[in-house]
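Given next are the chains, with one letter for each unit.
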Amino acid sequence: LQGQERSGTQELYLEQPKCGLPGLEAGQLLRVKKGIYGLPDAPRAWFETLRGALIKEMGFHQMTLDVAMFVYWRKDGSISALFGHPCGRLYRCH
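Thresholds applied
- Residues numbered from 1 in each chain as written.
- Predicted model: local features only at pLDDT ≥ 70, side-chain atom pairs only at ≥ 80, totals over all residues.
- Heavy atoms only, no water.
- Phe/Tyr/Trp six-rings, centres within 6.5 Å; stacked < 30°, edge-to-face > 60°.
- Helix = DSSP H or I, 4+ residues; strand = E, 2+ residues; numbered from the N terminus.
- Buried < 20%, exposed > 50% of the residue type's maximum accessible area, 1.4 Å probe, protein only.
- Pairing = 2+ DSSP bridges.
- Contact = heavy atoms within 4.5 Å.
- Axes fitted to C-alpha atoms, helices over the stretch in contact; angles between N-to-C directions.
- Polar contact = N/O pair within 3.5 Å; in protein donor to acceptor, adjacent residues only side chain to side chain.

## Re the packing of aromatic side chains
Thought 1: This model, assessed by the stated rule, comprises 2 aromatic pairs.
Thought 2: Aromatic side chains Phe 47 and Phe 70 sit 6.1 Å apart centroid to centroid with 45° between the ring planes, which places their arrangement in the tilted category. Of this pair, Phe 47 sits in helix α1 (residues 42–57) while Phe 70 sits in strand β4 (residues 69–73); the two residues are 23 residues apart in sequence, bridging distant segments of the chain. The burial state of Phe 47 is the same as that of Phe 70; both residues are buried.
Thought 3: Ring centres of Phe 60 and Tyr 72 lie 5.5 Å apart, and the angle between their planes is 45°; on these two criteria the pair is classed as tilted.

## Overview of the sheet that holds strand β5 (residues 79–84)
Thought 1: Pairing in this open sheet of 4 strands is antiparallel, and the strands run β3-β4-β5-β6 from one edge to the other. Here the strands that pair on one side only, and so sit at the sheet edges, are β3 (61–62) and β6 (90–93).
Thought 2: Sheet topology note: the β3/β4 ladder contains 2 bridges and is antiparallel. What sits directly across from His 61, in β4, is Val 71.
Thought 3: Lying on the sheet, α1 is in contact with β3, β4, β5 and β6; it crosses β4 at an angle near 10°.

## Thoughts on the side chain of Gln 16
Thought 1: Its location among the elements puts Gln 16 in the loop between β1 (13–14) and β2 (30–31).
Thought 2: A polar atom in the side chain of Gln 16 sits 2.7 Å from the backbone oxygen of Glu 25.
Thought 3: Contact partners of Gln 16, with chain neighbours within four places excluded, come to Leu 21, Leu 24, Glu 25, Ala 26, Gly 27, Gln 28 and Leu 30.

Shown next as structure tokens:
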């Protein structure tokens, strides 16, 4: 699991595989610490990770009226824009 640490108050537990895991007793549950694909909070975690990278690492600005749009102003006056789509795709315009 490569996701970010889960935040929030709801704890999530998984059962072990039928063959068990070394160091755990049979039937012992595993508490989920990182995001997993398919969880209700997975899209939000993905967007927050993307948002952080675009703003902090790449210099984009998030638009106020459409939070799924990020704009980068170049020194020559041109702009590049990224649009996030609910299905998880990104579209680039320049």
